[in-house]
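These are the residues of each chain, in order.
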Amino acid sequence: MENTLVLLKPDAVAKGVCGEIIARFEKRGIKIIGMKMLYLSRAQAAIHYSEHQDKPFFDELVNFIISGPLVAIALQGENVVKLVRTMMGSTNPLEAAPGTIRGDLATNIKNNIIHGSDGPVSAKREINIYFNDSELCKEVAYESLYKDRG
Ligand code: IDP
Ligand code: MG
């Protein structure tokens, strides 16, 4: 079982498409184990995107991700990292296939609606930026709700 971290970026909140994106995960049978709306601090944003700190678009990326509230979601499922990346579509919405989240909801690489962890190691690191262990739902009763969903 894997976990992954999704951010519905400030443009998703501004456009009012958070519900649609969350519904796609739910309908796919992916389990939500944590969710919150928050403003990211500049320091948190720099930590989140530290792998990109030397890229020319880093400042623009940080300014965008702190420009408004976002929704952080921890998801759990088998191969959920890859599954969510596939559902997201390519980083550049111009190359994202129709039917993917970016292919349907975004047009611009700078405002591409959603972040998803790119591997299990970054997922663990990123989930820790947004959630304490006690904020992640792992109750047995909650598990049983998902048992029969196939
Ligand atoms: P990902 O979000 O698909 O994993 P990354 O390469 O990790 O893509 O880049 C992180 C974010 O940085 C992208 O989602 C996008 O918002 C932004 N970004 C990536 N490349 C560019 C670029 O060339 N110009 C502006 N922003 C970019
Ligand atoms: Mg990435």
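How each quantity is defined
Residues numbered from 1 in each chain as written. Chains lettered and ligands numbered in written order. Predicted model: local features only at pLDDT ≥ 70, side-chain atom pairs only at ≥ 80, totals over all residues. Heavy atoms only, no water. Helix = DSSP H or I, 4+ residues; strand = E, 2+ residues; numbered from the N terminus. Contact = heavy atoms within 4.5 Å. Areas by Shrake-Rupley, 256 points an atom, 1.4 Å probe, with all protein chains shown as cover. Near = heavy atom within 4 Å. Polar contact = N/O pair within 3.5 Å; in protein donor to acceptor, adjacent residues only side chain to side chain. Nonpolar A, V, L, I, M, F, W, Y, C, P; charged D, E, K, R; others polar. Buried < 20%, exposed > 50% of the residue type's maximum accessible area, 1.4 Å probe, protein only. Arc of directions from axis to C-beta. Pairing = 2+ DSSP bridges.

Asks: Any details on the overall build of the chain? Residues and values, ideally.
Replies: Looking only at helices and strands, the chain features eight helices and four strands. Shown N-terminal to C-terminal, the secondary structure of the chain runs as helices and strands in the order β-α-α-β-α-α-β-α-α-β-α-α. The dimensions of the chain, computed from C-alpha atoms along their principal axes, are 45 × 35 × 25 Å. For the chain, the proportion of contacts with a sequence separation of at least 24, taken over those separated by at least 6, is 77%. Entry remark: accessible area of the chain is about 8,100 Å², with carbon and sulfur atoms responsible for 54%.

Asks: I'd love a proper account of the site of ligand 1, names of residues and values included.
Replies: Taken together, K9, Y49, H52, F57, L61, R85, T91, R102, I109, K110 and N112 form the complete shell of residues around ligand 1. H52 is positioned such that a nitrogen or oxygen atom in its side chain is 2.8 Å from an oxygen atom of ligand 1. One of the backbone N or O atoms of I109 is found 3.2 Å from an oxygen atom in ligand 1. Look at ligand 1: alone it shows 530 Å² of surface, and the protein chains cover 79% of it. In the shell around ligand 1, the residues fall into four nonpolar, three polar and four charged.

Asks: Describe the side chain of T100, naming the residues involved and giving the relevant values.
Replies: Among the secondary structure elements, T100 is positioned in the loop between α5 (80-88) and α6 (101-105). Of the polar contacts made by the side chain of T100, one reaches the backbone nitrogen of G103; its length is 2.9 Å. For T100, the contacting residues outside a window of four places in its chain are R24, T86, M87, M88 and G89.

Asks: How would you sum up α5? Please name residues and give values.
Replies: Of all the residues in α5, the buried ones are V80, V81, V84, M87 and M88. For α5, the angular spread of the buried residues around the axis is 135 degrees, confining them to a single face. Looking at the residues trailing α5, positive phi occurs at G89, about 85 degrees.

Asks: Describe the pairing of strand β3 (residues 70-77), and please don't skip the residues or the numbers.
Replies: Counting buried residues in β3 gives eight out of eight residues, a clear majority hidden from the surface. Of the two faces of β3, both are covered, the one formed by L70, A72, A74 and Q76 as well as the one formed by V71, I73, L75 and G77. Inspection of the sheet shows strand β1 (residues 2-8) paired to β3 by seven bridges, in the antiparallel sense. By the bridge assignment, L8 is partnered in β3 with V71. The pairing of strand β2 (residues 31-38) with β3 spans seven bridges and is antiparallel. From the neighbouring strand, M37 faces β3, where its bridge partner is V71.

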